[in-house]
Amino acid sequence: MNPRPTSTNSSRSSLRRITTHIICILLATTGAALADNSIKLQVAPKSEHNDPKGNNPQEVQNRWLEISATAFHLEKPAAVRLEWAFFGDNLDTDKVVKHGSGTETVELAQSKQAVAKTKPVNFTFTPRHSVRTGSGKRARSKVIEATGVRYHAWGVRAFVDGKLAGEAYSSPSIQKLMGGTD
């Protein structure tokens, strides 16, 4: 006869399952980190913008990325091609579009860090607003719809010898737009 209550046995088996699951996750991420030509990307998005004043509600933003790449396992120093892109909301068509992109090349060695800065990309848009027409008792407001391209997200991919070695996105949905892996 088993003197232990059933709830203790089930909680122990649940704890074992959770522990096993955590160990599997750690092994999988460690394996990915030690894979050949694996690159860790850290991206810091930066921006400047104007403050709309007076009767002109148009907003202008300049955005760029500061990218830091680190190689986990690189057989020899290599040139790493960084592909980057900014995406914006096209307020006229109500779709997400690639608004600016480019490539940077950095030299990377084992356990060293390389830094790159992208060129600024300009986003110009006018948000939905109203304009007063007429004067006095007959004054009315007319709604002006939003136009232009507003910032949405960014994505960066790293390639070593033409093979994808690392990627970073501000939003998971951007991965498909950049042609990344699912």
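See the structure printed just above.
In what follows, the accompanying structure is described. (Residues numbered from 1 in each chain as written. Predicted model: local features only at pLDDT ≥ 70, side-chain atom pairs only at ≥ 80, totals over all residues. Heavy atoms only, no water.)

Regarding the environment of Val156
(1) Moving on: Residue position: Val156 is located in strand S9 (residues 147–160).
(2) Moving on: Placed 11 residues apart in sequence, Val156 and Glu167 show a C-alpha to C-alpha distance of 5.6 Å.
(3) Moving on: For Val156, the residues in contact, after removing those within four places along its chain, are Leu41, Val43, Leu65, Ile67, Glu83, Trp84, Gly166, Glu167, Ala168, Tyr169 and Met178. (Helix = DSSP H or I, 4+ residues; strand = E, 2+ residues; numbered from the N terminus. Contact = heavy atoms within 4.5 Å.)

So, the nonpolar core
(1) Moving on: Membership of the largest hydrophobic core comes to 27 residues, with the highest contact counts inside it found for Ile39 and Leu41.
(2) Moving on: If you list the elements that add at least two residues to this core, you get strand S1 (38–49), strand S2 (59–73), strand S3 (78–90), strand S4 (95–108), strand S5 (113–117), strand S6 (121–126), S9 and strand S10 (163–169).
(3) Moving on: With 6 residues, the single largest contributor to this core is S9.
(4) Moving on: Look past the residues within four positions of Leu41 in its chain and what remains in contact with it is Ile67, Ser68, Ala69, Leu82, Val156, Arg157, Ala158, Gly166, Glu167 and Ala168. (Core = buried A, V, L, I, M, F, W, Y, C linked by side-chain atoms within 4.5 Å. Buried < 20%, exposed > 50% of the residue type's maximum accessible area, 1.4 Å probe, protein only.)

Quick look at the pattern of salt bridges
(1) Moving on: For the structure on display, the rule yields 4 salt bridges.
(2) Moving on: Measuring nitrogen to oxygen at the nearest pair gives 2.9 Å for the salt bridge that ties Arg81 to Glu83.
(3) Moving on: Residue Arg81 is classed as partly exposed on the basis of its relative accessible area of 32%.
(4) Moving on: In this structure, Arg157 and Glu83 form a salt bridge, with 3.0 Å as the shortest nitrogen-oxygen distance. Note that Arg157 is positioned in strand S9 and Glu83 in strand S3, a separation of 74 residues in sequence.
(5) Moving on: Salt bridges linked by common partners bring Arg81, Glu83 and Arg157 together as one network. (Salt bridge = Lys/Arg side-chain N within 4 Å of Asp/Glu carboxyl O.)

A word on the side chain of Asn90
(1) Moving on: Topologically, Asn90 is positioned in strand S3.
(2) Moving on: Of note is the side chain of Asn90, whose polar atom sits 2.9 Å from the backbone nitrogen of Asp92.
(3) Moving on: Of note is the side chain of Asn90, whose polar atom sits 3.3 Å from the backbone nitrogen of Thr93.
(4) Moving on: In this structure, Asn90 is in contact with Lys95, Val97, Gly148 and Val149, ignoring residues within four places of it in sequence. (Polar contact = N/O pair within 3.5 Å; in protein donor to acceptor, adjacent residues only side chain to side chain.)

Some points on the pairing of S10
(1) Moving on: Sheet analysis places S9 next to S10, joined by 6 bridges and oriented antiparallel. Paired with Val156 across the strands is Ala168, a residue of S10. (Pairing = 2+ DSSP bridges.)

A few points about the environment of Asp92
(1) Moving on: Relative to the assigned elements, Asp92 resides in the loop between S3 and S4.
(2) Moving on: You can call Asp92 exposed: its relative accessible area is 54%.
(3) Moving on: Placed 55 residues apart in sequence, Asp92 and Thr147 show a C-alpha to C-alpha distance of 5.3 Å.

Quick word on the packing of aromatic side chains
(1) Moving on: In this structure the tally under the stated criterion is 4 aromatic pairs.
(2) Moving on: An angle of 75° between the planes, with centres 6.0 Å apart, marks the rings of Trp84 and Phe86 as edge-to-face.
(3) Moving on: Considering the side-chain rings of Phe86 and Phe123, the 6.1 Å spacing of their centres and the 80° angle between planes classify their relative orientation as edge-to-face. Residue Phe86 is found in strand S3, and its partner Phe123 is found in strand S6; the two are separated by 37 residues along the sequence.
(4) Moving on: Classification of Phe123 as buried rests on a relative accessible area of 0%.
(5) Moving on: Site record: aromatic cluster; members linked through ring pairs are Trp84, Phe86, Phe123 and Tyr151.
(6) Moving on: Sitting over the face of the ring of Phe159, Arg81 holds its NZ or CZ atom 4.5 Å from the ring centroid. (Phe/Tyr/Trp six-rings, centres within 6.5 Å; stacked < 30°, edge-to-face > 60°. Lys NZ or Arg CZ within 6 Å of the ring centre and 35° of its normal.)

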